[in-house]
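# Observations on the model geometry
This is what each chain is made of:
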Amino acid sequence: MLNFERLQIIAIEIGENCNLNSEHVKCPANSRIINKQYGLLTNEDITLIINEAYYNGFNGEIGFHYYNEPLIYKKRILEIITNCSDAKFLLWTNGLLLDSHVKQNNFLNLFNSIVISNYEEKEKYEFYIELRKVYPNIKRIINYSSTNNLDDRKFIYENANNNIYGCKRPFFIELPIDCYGNVHLCCRDWNNTCILGNVKSQTLLDIIRSEIFCSYEKAIFSAFLDLEHCPNMCKQCDAPDRVFIEIQHDSDPLPRMQSEISFVVVTSAKNEKRLVTLLESLASLKDELVLILDNYDISIFNKLLSYADKVVQIPGKGSFEAYSKDILRHCSKDWIFRIDDDETLNAECTREILQNYISDRTVMSYWIPRKWYINEHEYIVNAPWFPDYQMRLYRNLPGAITLPTRIHEPTLIY
């Protein structure tokens, strides 16, 4: 990471305490191993961190959460916001310290975004809905069934080492800093097994450019983990975050979001004319066109370079299903559209139509009907050849995908 441009959140823990830290025995506020060598962060320290981040390209939000409840430190937070008036701020709270009179919470207007984790079930949820009518910067209300589900990270170190998928969280979503200035790889690592440095002894920029950070980035920030060089914690993670998707937790629809598509074709290029016609037809629809070539013919390879953004020669695997991991490795956009070299899209399929589908943040995949043509104008209208739905458009989320293991077995995403 050269600077902070792509980072969404810098989460700075302002103190150790949480008003719910007695609710489960493994709450990090009680049990984590923490390096206190440099002492607690002061408001001056936090102001310096914020100014440094924005000076070096950061355009995201500063949060005051990690394993604490920020509203315990409301006075300090308001002082920091005053000192850094040009910054954007995020409040992530359990809401229990908010005033029960909706209009007595005017300080909430100082935050760009607010997330409330509700552990008090329906009664509190109704209060938070009323609160949001006055403070529309409340972006999410996350409902937990009880305090038994207080922290879904508490058993991460007990998981089997079976995750193979990469993750964007440490490098794209959130950089957590505890109240003693230690910079952590990930908020899931509550026992602090991967500390990257301390902002009291180094600049934050030096930490994200350090050898240890860069080595972790190389091992984790891809479709699949480098299992030899990534931390054990990543192998134990049960929710790798390839792409950050907010989950719907209340009645309001999520705002639509602009996304991009990688079209991918796996082919042996036996019918070059048909393949070129297909690639040309995709030019106006794609953000990226990836061609996986089951063929070592260098002349064909060179010819196809002008039609695709990326041409990769991987011959000899036989069936399409054998290339499933290669598709994930080489497609870089938010969504993947897989199409075979003997297929074509309906002429009515425009980029505008596709964008409408992939902008919906509540959907993970689409099953698309196919027509089996027996000549230029006629297709089979009987089952199973029609409508023959296939999952061809899906989010580029390796951690949520079940790959096929047999020929004609579908890719599935949950």
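Let me begin by describing the structure that accompanies this report. Here the structure is a predicted model, which means the values were calculated and not measured.

On to the overall build of the chain, then. Secondary structure assignment for the chain yields 12 helices and 16 strands. With the C-alpha coordinates aligned to their principal axes, the bounding extent of the chain is approximately 75 × 45 × 40 Å. Among the 414 residues that make up the chain, the fraction classed as buried is 51%. Considering only contacts in the chain between residues 6 or more positions apart, those separated by 24 or more positions represent 71%. Within the structure as shown, the chain displays about 20,500 Å² of accessible surface, and the carbon and sulfur contribution to it stands at 51%. Distance from the positive charge centre (44 side chains) to the negative charge centre (55 side chains) of the chain: 0 Å.

Take the pattern of salt bridges next. Pairing is possible between side chains that carry opposite charge, provided their charged atoms lie close to one another. Across all of its chains, the model carries 16 salt bridges by this definition. Its salt-bridge partner being Arg6, residue Glu217 comes within 2.0 Å of it at the nearest N-O pair. Residue Glu217 is located in helix α7 (residues 211-220), and its partner Arg6 is located in the segment before β1 (9-12); the two are separated by 211 residues in the primary sequence. By relative accessible area, Glu217 is classed as buried at 13%. With relative accessibility at 30%, the residue Arg6 sits in the partly exposed group. Across the salt bridge formed by Glu174 and Arg169, the nearest N and O atoms sit 3.6 Å from each other. There is no split in this pair, since Glu174 and Arg169 are both buried.

Attention now moves to empty space enclosed by the protein. For the structure shown, the criterion picks out 3 cavities of 30 Å³ or more. Taken as a whole, the largest cavity spans an internal volume of roughly 110 Å³. Broken down by secondary-structure element, the contributors of at least two residues to the lining of the largest cavity are α5 (169-173) and α8 (232-236). Here the residues of the lining of the largest cavity sort into 11 nonpolar, 1 polar and 3 charged.

Let us look at the sheet that holds strand β13 (residues 365-368). Spatial ordering of the open sheet is given by β11-β10-β9-β12-β14-β13, a layout of 6 strands whose pairing is mixed. A strand with exactly one partner marks an edge of an open sheet, and here the two such strands are β11 (310-313) and β13. For this sheet the average axis-to-axis angle between neighbouring strands, irrespective of direction, equals 25 degrees. As defined by bridge partners, β13 adjoins strand β14 (residues 390-395) across 4 bridges and the pair is classed as antiparallel. Residue pairing for β14: Ser365 is matched across the bridge by Tyr394. This element, helix α9 (residues 272-282), spans β9 (261-267) and β10 (288-293) of the sheet and lies at about 180 degrees to β9.

It is the contact of helix α2 (residues 43-55) with helix α3 (residues 74-83), at a shortest axis distance of 10 Å, that shows an interaxial angle of 40 degrees. Compared by their axis directions, α2 and α3 come out oblique. Note on packing geometry: the crossing formed by α2 with α3 is right-handed. Here α2 contributes Asn43, Ile46, Thr47 and Ile50 to the contact with α3, which in turn contributes Arg76, Glu79, Ile80 and Asn83.

With 64 residues, the main nonpolar core has Ile10, Leu131 and Ile220 as its most contacted residues. Setting aside chain neighbours within four positions, we find Leu131 in contact with Leu98, Val102, Asn105, Leu108, Ile116 and Ile138.

Counted as a void, the largest pocket has a volume near 1,900 Å³. If you go around the largest pocket, you meet 50 residues; those closest to its centre are Ile339, Asp340, Glu343, Arg370 and Arg392. Listing elements by their share of the lining of the largest pocket, those giving two or more residues are β9, α9, β12 (335-338), α12 (351-358), β13 and β14. Per element, the largest residue contribution to the lining of the largest pocket is 5 residues, and it comes from β14. Of the residues contributing to the lining of the largest pocket, the split by class is 23 nonpolar, 12 polar and 15 charged.

Reading the values: the criteria
- Residues numbered from 1 in each chain as written.
- Predicted model: local features only at pLDDT ≥ 70, side-chain atom pairs only at ≥ 80, totals over all residues.
- Heavy atoms only, no water.
- Helix = DSSP H or I, 4+ residues; strand = E, 2+ residues; numbered from the N terminus.
- Buried < 20%, exposed > 50% of the residue type's maximum accessible area, 1.4 Å probe, protein only.
- Contact = heavy atoms within 4.5 Å.
- Areas by Shrake-Rupley, 256 points an atom, 1.4 Å probe, with all protein chains shown as cover.
- Lys, Arg positive; Asp, Glu negative; His and termini not counted.
- Charge placed at Lys NZ, Arg CZ, Asp CG, Glu CD.
- Salt bridge = Lys/Arg side-chain N within 4 Å of Asp/Glu carboxyl O.
- 1 Å grid on protein atoms, 1.4 Å probe; cavity = no way out; pocket = protein on both sides within 12 Å on 5 of 7 lines; lining within 4 Å.
- Points joined across faces, edges and corners; volume = space filled by probe spheres on them.
- Nonpolar A, V, L, I, M, F, W, Y, C, P; charged D, E, K, R; others polar.
- Pairing = 2+ DSSP bridges.
- Axes fitted to C-alpha atoms, helices over the stretch in contact; angles between N-to-C directions.
- Parallel < 35°, antiparallel > 145°, perpendicular 65-115°, else oblique.
- Left-handed = near helix turned anticlockwise from the far one by under 90°.
- Core = buried A, V, L, I, M, F, W, Y, C linked by side-chain atoms within 4.5 Å.

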